[in-house]
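Survey of secondary and tertiary structure
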Amino acid sequence: VAMSNKMDLALGVAVGSAVQVSLFVIPLIVVTGWITGQAMTLNFPPLEVIAYVMSVLIAFGTIINGRSHWLLGSILICTYTLLAVAFAFERVEPYNS
């Protein structure tokens, strides 16, 4: 879609999908965990909260300009890689209710 010069539609789909996951899927998983007796809460570790806030700020900074460049894409890929490495080495303590 973005290659056919419809960047607003491409960004709308990407941001809309992220909002849908944030507002529907995560609470649905918590309710499903509650029904099945699994410990699934919204008690996220600090790294996940920081990553979520950072992703919102980066998405805002990308969208606000209305234009894109290959350097911005490479910075986004670098950020994604750094987050993947951080999550790979994160130590999460089990949640005890």
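Everything quoted here is computed from the prediction, not taken from an experiment. (Residues numbered from 1 in each chain as written. Predicted model: local features only at pLDDT ≥ 70, side-chain atom pairs only at ≥ 80, totals over all residues. Heavy atoms only, no water.)

**A short note on the overall build of the protein**
Helix and strand content of the protein: three helices and zero strands. Secondary structure elements of the protein, listed N to C terminal, follow the sequence α-α-α. In terms of its C-alpha atoms, the protein occupies a principal-axis envelope of roughly 50 × 30 × 20 Å. Evaluated residue by residue, the protein yields a buried proportion of 5% over its 97 residues. Considering only contacts in the protein between residues 6 or more positions apart, those separated by 24 or more positions represent 56%. When the accessible surface of the protein is totalled, it reaches about 8,200 Å², and 71% of it is carbon and sulfur. (Helix = DSSP H or I, 4+ residues; strand = E, 2+ residues; numbered from the N terminus. Buried < 20%, exposed > 50% of the residue type's maximum accessible area, 1.4 Å probe, protein only. Contact = heavy atoms within 4.5 Å. Areas by Shrake-Rupley, 256 points an atom, 1.4 Å probe, with all protein chains shown as cover.)

**A closer look at helix H2 (residues 46-65)**
In this model, H2 (20 residues) spans 29 Å end to end at C-alpha, consistent with the 28 Å of a helix rising 1.5 Å per residue. Positive phi appears at glycine 66, one or two residues downstream of H2, with a value of about 85°. (Expected span 1.5 Å × (residues − 1).)

**Digging into the environment of serine 17**
In this fold, serine 17 is placed in helix H1 (residues 7-36). Taking the C-alpha atoms as reference points, serine 17 and proline 27, 10 residues apart in sequence, are found 15 Å from one another.

**Thoughts on a nonpolar patch on the surface**
Taken together, Val21, Phe24, Val25, Ile26, Leu28, Ile29, Met40, Leu42, Phe44, Val49, Val53 and Leu57 make up a surface patch of nonpolar side chains, about 1,000 Å² in accessible area. Going through the elements one at a time, H1 and H2 are the ones with two or more residues in the nonpolar patch. When residues of the nonpolar patch are assigned to their parent elements, the largest contribution, six residues, is made by H1. With respect to the helices and strands, the residue valine 21 is situated in helix H1. In this structure valine 21 comes out as partly exposed when scored by relative accessible area, which is 41%. (Patch = residues over 30% accessible without salt bridge, like charges linked within 9 Å, V, L, I, M, F, W, Y side chains within 5 Å. Salt bridge = Lys/Arg side-chain N within 4 Å of Asp/Glu carboxyl O.)

**Notes on the environment of leucine 47**
Tracing the sequence through the fold places leucine 47 in helix H2. Between the alpha carbons of leucine 47 and proline 27 there is a distance of 20 Å; along the sequence they are 20 residues apart.

**A word on the environment of leucine 76**
Mapped onto the elements of the fold, leucine 76 is located in helix H3 (residues 70-88). On the basis of relative accessible area, leucine 76 is assigned to the partly exposed category, the value being 33%. In sequence terms leucine 76 and isoleucine 58 are 18 residues apart; their C-alpha atoms lie 8.3 Å from each other. In contact with leucine 76, other than residues within four places in its own chain, are Ile58 and Thr62.

Read these as geometric descriptors, not functional statements.
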